[in-house]
Amino acid sequence: MTEPSTETGDDAALVARIAMGDEAALAEAYDRHAGLLFGSTVRFLGDREAAAEVTQDAFMALWRRATQFDPRAGSLSAWLLGIARHRAIDRFRAEARRAASRSIPLSALVGGDRDDAGGSGGDELPTWRLTEEASEALVRDPATVADRRWLQAVIRTVVSELPEVERSVVLLAYSGGLSQSEIAARIGAPIGTVKSRTRRAFARLRANLATVPGLLDVVDGMVIGGSDRHLDEA
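Source: prediction; values computed, not measured. (Residues numbered from 1 in each chain as written. Predicted model: local features only at pLDDT ≥ 70, side-chain atom pairs only at ≥ 80, totals over all residues. Heavy atoms only, no water.)

## Details of helix α10 (residues 191-209)
Using the following cut-off: Note on conventions: DSSP H or I runs of at least 4 residues are helices, E runs of at least 2 residues are strands, and numbering of each starts at the N terminus. Every helix has an expected span of 1.5 Å times one less than the residues it contains. Here's how the labels work: a residue is buried when its accessible area is under 20% of the maximum for its type, exposed when over 50%, partly exposed in between, all with a 1.4 Å probe on protein chains only. Note that the arc is computed from the directions linking the helix axis to the C-beta atoms.
For α10, spanning 19 residues, the distance from its first C-alpha to its last is 27 Å, which sits close to the expected 27 Å at 1.5 Å a residue. If you check which residues of α10 are buried, you get V194, K195, R197, T198, A201, F202, L205 and L209. Within α10, the buried residues cover an arc of 165 degrees as seen down the axis, which keeps them to one side.

Listed below in structure tokens is the structure:
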């Protein structure tokens, strides 16, 4: 088994302090990881109050169950995201059941992947170019809808934290559907610059998502399915 990273090691020491009842350590963990949890959950649920409650629940679980955290199994951010995911999906499914009882189509809950975290929605990513048949299948399967929506919410949150020059090329490629030559023309930069920014952006995404189950495969799918053309374009 690989050794934990420096950040994971730091988190392990932090969690050990939390397990001993150190409230300052819990506050430090909150400062370090709450942004990712809240950003992901609010994008998933589209409700800031509910997202705040889910985030608080995750950290209360950390306070009560700190001894269960194993740094060899993954990072603290992944552990907390796992708790937030379960809480958020429970809320999503409850709302889906309420919607069904009111004869409201589930597609009304799914929407068009608008960024619901506040602001102009400029950090959204596309819906992975789903076919109409695949979209209909998702509407018939709430569990699949919830899982897919959660993955997108976490990735949008991580993308939103990229440096502006890297975030812009990712969004132009995947939200705008532009090739790298089109991006270069749009932003007035050499295509070599656009390529290097794209590679740095995906390297950063991979590093940030490496310990979160399922998400690294989605990022790799973005590269394979959408950006090989962009990365290799002359």
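## Description of the packing of helix α9 (residues 180-187) against α10
For clarity, the threshold we go by: Angles shown run from 0 to 180 degrees and are taken between the N-to-C directions of axes, each axis being a line fitted to C-alpha atoms and, for helices, limited to the stretch in contact. With respect to orientation, any angle under 35 degrees is reported as roughly parallel, any angle over 145 as roughly antiparallel, any angle of 65 to 115 as roughly perpendicular, and every other angle as oblique. Rotating anticlockwise by less than a right angle from the far helix to the near helix defines a left-handed crossing, while the corresponding clockwise rotation defines a right-handed one. Residue contacts follow a heavy-atom distance rule, with two residues in contact if any of their heavy atoms lie within 4.5 Å. All amino acids are sorted into three groups, where Ala, Val, Leu, Ile, Met, Phe, Trp, Tyr, Cys and Pro are nonpolar, Asp, Glu, Lys and Arg are charged, and the leftover types, Gly among them, are polar.
Relative orientation of the contacting elements α9 and α10 amounts to 110 degrees, with a least axis distance of 9 Å. Comparing the axis directions of α9 and α10 gives the class roughly perpendicular. The handedness of the crossing between α9 and α10 comes out as right-handed. Along its contact with α9, which presents Q180, S181, I183, A184 and I187, the element α10 presents I191, V194, K195, R197 and T198. In terms of residue class, the contact of α9 with α10 is made up of five nonpolar, three polar and two charged.

## Section: the environment of H86
Along the chain, the position of H86 falls in helix α4 (residues 76-101). Linking H86 and V54, residues 32 residues apart in sequence, is a C-alpha distance of 9.3 Å.

## Observations regarding the packing of helix α8 (residues 164-174) against α10
Packing of α8 against α10 brings their axes to within 8 Å, and their N-to-C directions diverge by 95 degrees. Taken together, the axes of α8 and α10 lie roughly perpendicular to each other. Residues V165, E166, V169, V170 and Y174 of α8 pack against V194, R197, T198, R200, A201, F202 and R204 of α10.

## Some points on the environment of G39
Tracing the sequence through the fold places G39 in helix α2 (residues 23-45). For G39, a relative accessible area of 7% translates into the label buried. Through-space distance from the C-alpha of G39 to that of A153 is 7.8 Å; in sequence the pair is 114 residues apart.

## A short note on the pattern of salt bridges
What counts here: We count a salt bridge whenever a side-chain nitrogen from Lys or Arg sits within 4 Å of a carboxyl oxygen from Asp or Glu.
What the rule picks out here adds up to ten salt bridges. The residue R17 makes a salt bridge to D22 at a minimum N-O spacing of 3.1 Å. Residue classification places R17 among the partly exposed residues on the basis of a relative accessible area of 32%. In this structure D22 comes out as partly exposed when scored by relative accessible area, which is 25%. Residue R85 is joined to D147 by a salt bridge in which the shortest nitrogen-to-oxygen separation is 2.6 Å. With R85 in helix α4 and D147 in helix α7 (residues 142-160), the pair connects residues that are 62 residues apart, well separated along the chain. Accessibility expressed as a relative area gives 26% for R85, which makes it partly exposed. Salt bridges linked by common partners bring D11, R17, D22, E28 and R32 together as one network.

This is a description of form; function is not addressed.
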